[in-house]
Amino acid sequence: MNFSSKLLENAVAEFAKLPGVGQKTALRLVLHLLNQDKQDVERFSTAVTKLRNEIQFCEVCHNISDQKVCEICSSHRRDHGLICVVEDTRDVMAIENTNQFNGVYHVLGGLISPMDGVGPSDLQVESLVERLKQTGDKEVREVVFALSATMEGDTTLFYLHKKLKNFNIPITTIARGIAFGGELEYVDEITLGRSIATRIPYENSLSK
Ligand SMILES: [Zn+2]
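The written sequence of each chain sets the order in which its residues are numbered from 1. Reporting of local features is limited, given that this is a predicted model, to residues whose pLDDT is at least 70; pairs of side-chain atoms are given and counted only at 80 or more, and all residues count toward the totals for whole chains, interfaces and linings.

As recorded in an unreviewed UniProt entry, the protein goes by the name Recombination protein RecR, listed as coming from Mucilaginibacter celer. Recorded in UniProt under Function (unreviewed entry), the annotation for the protein is "May play a role in DNA repair. It seems to be involved in an RecBC-independent recombinational process of DNA repair. It may act with RecF and RecO." UniProt positions are given in the numbering used here, feature names are shortened, and annotations may be inferred rather than shown by experiment. Under the UniProt heading Sequence similarities (unreviewed entry), the note attached to the protein is "Belongs to the RecR family."

Encoded structure:
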């Protein structure tokens, strides 16, 4: 692309770094911003900068949060004996939308993927083990895994099950009404809600 302005070129280059945004879309977005009021653009850039600078991760579950401990972890109305392990914050949002889960979460921050060079130490695995060590098997009655039905999801599930099986805590997984290869966030609310309500012991999920 030949740009008539260096400022325009720079802005387009930055937008084009976003996932799923090509040069043409980036140009369309930048030209759109140029048509907006200066105040609106200011608000936009402030929101992005503030998000990056001020966002926190909950000390307990590692979900994105505005406080040190997120609202779910600090709520007395949640069942702290039921921990749902998920890949990232999108899964927490998807499960919360079903209104079928009243426990708490543990956000791994990704899935084990040797192809992409992501190992257990890149994820919040040790902190899950620590969390269970500290709360003990008296307080936690069940750990339910709600991971994508993909190769990475299954690898992560297998690894974590091995890590956690010495705790005397039942480990379950959401019913795989979710097709293999299905990403959790794209599953509709009713299917996901049903899956989380009818979870099954991890061992049973293997024989299928
Ligand atoms: Zn939390």
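Right, picking up where we left off after that structure.
Novice: Can you walk me through the domain arrangement of the protein in this structure?
Specialist: How big an interface is tends to be stated in terms of accessible area lost as the parts join. As used throughout, domain bounds are those supplied by an automatic or database domain assignment. The assigned domain composition of the protein is domain 1 (6–54) and domain 2 (78–206). Look at where the C-alpha atoms of domain 1 and domain 2 centre, and you get two points 35 Å apart.

Novice: What exactly am I supposed to notice about the pairing of strand β5 (residues 142–145) here?
Specialist: Looking along a regular strand, one sees the side chains alternate between the two faces of the sheet. If DSSP finds at least two bridges between two strands, the strands pair. Secondary structure elements are defined from DSSP: runs of H or I of at least 4 residues count as helices, runs of E of at least 2 residues count as strands, and each element is numbered from the N terminus. Pairing analysis gives 4 bridges linking strand β3 (residues 82–86) to β5, with the strands arranged parallel. Bridge pairing links Leu-82 to Glu-142 in β5. Taken together, the 3 bridges between β5 and strand β6 (residues 171–173) define a ladder with parallel strand orientation. Paired with Val-143 across the strands is Ile-171, a residue of β6. One crossover worth recording links β5 to the parallel β6 by way of helix α6 (residues 151–164), and it is right-handed. With the strands pointing away from the viewer, any crossover whose connection runs clockwise from the first strand over the helix to the second is right-handed.

Novice: Where do I start with the UniProt feature "zinc finger region: C4-type" (unreviewed entry) in the protein in this structure?
Specialist: UniProt annotation of "zinc finger region: C4-type" (unreviewed entry) refers to residues 58–73 when read in the numbering used here. Between the end C-alpha atoms of residues 58–73 there is a gap of 8 Å, over a span that is 0% helix and 12% strand.

Novice: Just to check I follow, could you spell out the packing of helix α4 (residues 89–98) against helix α7 (residues 189–197) for this structure?
Specialist: The axes of two packed helices give the description: the angle between them and the distance between them. Angles run from 0 to 180 degrees between N-to-C directions of axes, and those axes are lines fitted to C-alpha atoms, restricted for helices to the stretch in contact. Orientation of α4 relative to α7, taken along the N-to-C sense of each, is 90 degrees, at an axis distance of 8 Å. By the angle between their directions, the pair α4 and α7 is classed as roughly perpendicular. Contacts between α4 and α7 involve Ala-94, Ile-95, Asn-97 and Thr-98 on the former and, on the latter, Glu-189, Leu-192, Gly-193 and Ile-196. For the contact of α4 with α7, the residue count by class is 4 nonpolar, 3 polar and 1 charged. An angle below 35 degrees is read as roughly parallel, one above 145 as roughly antiparallel, one from 65 to 115 as roughly perpendicular, and any other as oblique. By the convention adopted here, residues make contact when the C-beta atoms placed from their backbones lie within 7 Å. Residue type decides the class: Asp, Glu, Lys and Arg count as charged, Ala, Val, Leu, Ile, Met, Phe, Trp, Tyr, Cys and Pro as nonpolar, and the leftover types, Gly among them, as polar.

Novice: Just checking my understanding: could you explain the nonpolar core for this structure?
Specialist: Soluble, globular proteins show a tendency: their nonpolar side chains are buried together. Among the nonpolar cores identified, the biggest contains 37 residues, and Cys-61, Cys-84, Val-85, Val-86, Ile-95, Tyr-105 and Ala-146 are the most heavily contacted of them. Those elements giving two or more residues to this core turn out to be β3, α4, β4 (104–107), α5 (126–139), β5, α6 and α7. Take this core: its biggest share by element is 4 residues, from β3. When buried Ala, Val, Leu, Ile, Met, Phe, Trp, Tyr and Cys residues are joined through C-beta atoms within 7 Å, the set is termed a nonpolar core. Counting other C-beta atoms within 10 Å of each residue's C-beta, where C-beta atoms are placed from the backbone, gives the exposure class: buried for 20 or more, exposed for 12 or fewer, partly exposed between.

Novice: Hey, could you run me through helix α3 (residues 38–54) in this one?
Specialist: Because the α-helix completes a turn every 3.6 residues, residues three or four places apart line up on one side. Counted at 1.5 Å a residue, the expected span for α3 with its 17 residues is 24 Å, and the 24 Å between its end C-alpha atoms agrees. The buried fraction of α3 is low, at 0 of 17 residues. One less than the residue count of a helix, multiplied by 1.5 Å, gives the span that helix is expected to have.

Novice: Even after reading the chapter, I still don't get unusual backbone geometry, so can you show me in this structure?
Specialist: Where the residue is not glycine, phi is negative for most of them; where a peptide bond is considered, it is trans in most cases. For His-62, which is not glycine, the phi torsion reads 70 degrees and is therefore positive. Structurally, His-62 is set in the loop between β1 (56–57) and β2 (64–65). The phi dihedral of Asn-99 is positive, around 60 degrees, even though this residue is not glycine. The topology assignment puts Asn-99 in the loop between α4 and β4.

Novice: Help me out: how do you make sense of the environment of Ile-64 in this one?
Specialist: Its place among the elements puts Ile-64 in strand β2. Between the C-alpha atoms of Ile-64 and Val-92, which are 28 residues apart in sequence, the distance is 9.9 Å. Other than its neighbours up to four places away in sequence, Ile-64 contacts Ile-55, Phe-57 and Thr-89.

Novice: Before we go on, may I ask you to explain the sheet that holds β4 in this structure?
Specialist: If you walk across this open sheet you meet the 5 strands as β4-β3-β5-β6-β7, and the pairing is mixed. Looking along the sheet, the strands with just one partner apiece sit at the ends: β4 and β7 (200–201). Sheet analysis places β3 next to β4, joined by 4 bridges and oriented parallel. From the neighbouring strand, Ile-83 faces β4, where its bridge partner is Val-104.

Novice: How do you make sense of α6 when you look at a structure like this?
Specialist: An ideal rise of 1.5 Å per residue puts 20 Å on 14 residues; α6 measures up with 20 Å between its terminal C-alpha atoms. Those residues of α6 not exposed but buried are Gly-153, Thr-156, Leu-157 and Leu-160. The arc enclosing the buried residues of α6, seen along the axis, measures out at 100 degrees, which places them on a common side. The elements touched by buried residues of α6 are β3, β5 and β6. Think of it as the arc spanned by the lines of direction from the helix axis to the C-beta atoms.

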